[in-house]
Each structure stands twice: as structure tokens, then as C-alpha cells.
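# Breakdown of the fold
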Amino acid sequence: MATFKERLVSPKEVWLLLAVAALPIYSWSIYHFLERFTGWLYYLTVWEIAGIFAYTQAFALIESLLVVAGVVLMALVLPRRLLRADLVPMGAAVILLSTLWAILAQYNDQVLRELSLPILLLWAGIYLTTIIAAWFLLYRSRRVKQLIHSVAERVSVLLYLYLPLSFLGLLIVLLRNL
């Protein structure tokens, strides 16, 4: 039983990982909302635009929670020295690199749809290589781990903005669907 308790993730670590996940996910959703905002002004009402924003924020919350849940699950399953020993820096690296790769995939959506399976497997291998390279960098450098942990603590302040926006978004989504 003591072994399982060692694997449990503290609420502070979950909070910091949520902050790290929320920063790129919310920023990306707000960026895409604002990119289309001026076009919507001509044919949508304020309530409809608020509804679109509510959906993007609610989805960003759900996506952030799923990403953090995935990292926490990996911390529970993988050997302690791989991820759990330094969960916040290692998890932050996995989250940020995965987010960057997801953004790259979104920009190249049409190209990815037309690629063959061997090329997609090659890109998946490159993705895994970047994750492993980041793990080795963090495993070797205490200074980089401390820097990432420090940035995660500073970014966590943004959750005080993102979470109320998301809960307001969830409320609007519920009101629109009743």
C-alpha cells in the first residue's frame, strides 16, 4: 500500500500541470475565436457570439482536464524514475511538446490527411523522439527542471482567469441547451 501512496499525485502538482496545459490550450482557442470574430460581427448576434465563445472555453477546460488526466495516469502507470520523480517539469515538457505538435498538425491538416501510413508513422516517431529528447534533457539538467517548475508556478495565476471563464462558458452552454 505504501508503494501506491508514493505514486499518488499531490493537488499542487495537478494544479501546476493544469496551469501548464491551460496556457497553450486556452491561448489557442482564444486566438482562433478572435481570428474569426470580425467576420461573425456581420451576421451573428451578440448572444450567438457569446455562445461560440462559451463553447470554446468549455471545450478548452475539458481538453485541459483530459490532458492533465493523461499525464497523471502516465505517472501512476510508468516507473517512478521516468515521470513521477519530477512530475511537474516532466509532465510540463510532455504537455507543451504535445501541444506544439498538435498545433503543427492543425496547421497542416490537409497535408496530414493525404499522407501515407509510413509517412505518418515517421512523423509519430519524430514526435516520440522529441518527447524522449526532452526527457533526457530534463533528467540530466536540474537547472532546466527548476526553470520549468518556476514557470509553471507563475503561469498558474492565469487559472484564476481561465477557470471562471470556463465555468461561465459552461453555464452559458447549459442555458443555451435547455
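Up top you'll find the structure we're talking about.
This section reports on the structure supplied with the text. (Residues numbered from 1 in each chain as written. Predicted model: local features only at pLDDT ≥ 70, side-chain atom pairs only at ≥ 80, totals over all residues. Heavy atoms only, no water.)

Turning our eyes to something else, we now look at the environment of S64. With respect to the element layout, S64 can be found in helix α3 (residues 46-77). The exposure class assigned to S64 is buried, which follows from its relative accessible area of 1%. Sequence spacing of S64 and Y162 is 98 residues, and the spatial spacing of their C-alpha atoms is 11 Å. The contacts of S64, once residues within four sequence positions are left out, are L18, A21, A22, I25 and Y26. (Helix = DSSP H or I, 4+ residues; strand = E, 2+ residues; numbered from the N terminus. Buried < 20%, exposed > 50% of the residue type's maximum accessible area, 1.4 Å probe, protein only. Contact = heavy atoms within 4.5 Å.)

Before going further, it helps to spend a moment on the packing of helix α6 (residues 117-140) against helix α7 (residues 142-155). Across the interface, α6 lies against α7 with an axial gap of 5 Å and an inter-helix angle of 105°. Between α6 and α7, the angle falls in the class roughly perpendicular. Here L137, L138, Y139 and R140 of α6 come into contact with α7, specifically with R142, V144, K145 and I148. (Axes fitted to C-alpha atoms, helices over the stretch in contact; angles between N-to-C directions. Parallel < 35°, antiparallel > 145°, perpendicular 65-115°, else oblique.)

Another point: the nonpolar core. Core analysis: the biggest nonpolar cluster contains 25 residues, and L17, Y26, V68, L87, I95 and L159 have the highest contact counts within it. Among the secondary structure elements, those contributing two or more residues to this core are α2 (11-40), α3, α4 (87-107), α7 and α8 (159-177). When residues of this core are assigned to their parent elements, the largest contribution, nine residues, is made by α2. When neighbours within four sequence positions are excluded, L17 is seen to be in contact with V68, V71, L87, V88, G91, A92 and I95. Membership of the second largest hydrophobic core comes to five residues, among which are A93, A134, W135 and L138. (Core = buried A, V, L, I, M, F, W, Y, C linked by side-chain atoms within 4.5 Å.)

Attention shifts here to the environment of V14. Note that V14 resides in helix α2. Judged by its relative accessible area of 31%, V14 is partly exposed. For the pair V14 and G169, spaced 155 residues apart in sequence, the C-alpha to C-alpha distance is 22 Å. Among residues more than four places away in sequence, those in contact with V14 are V9, V68 and V72.

Note that every value here comes from positions in space, so none of it alone points to a role or purpose.
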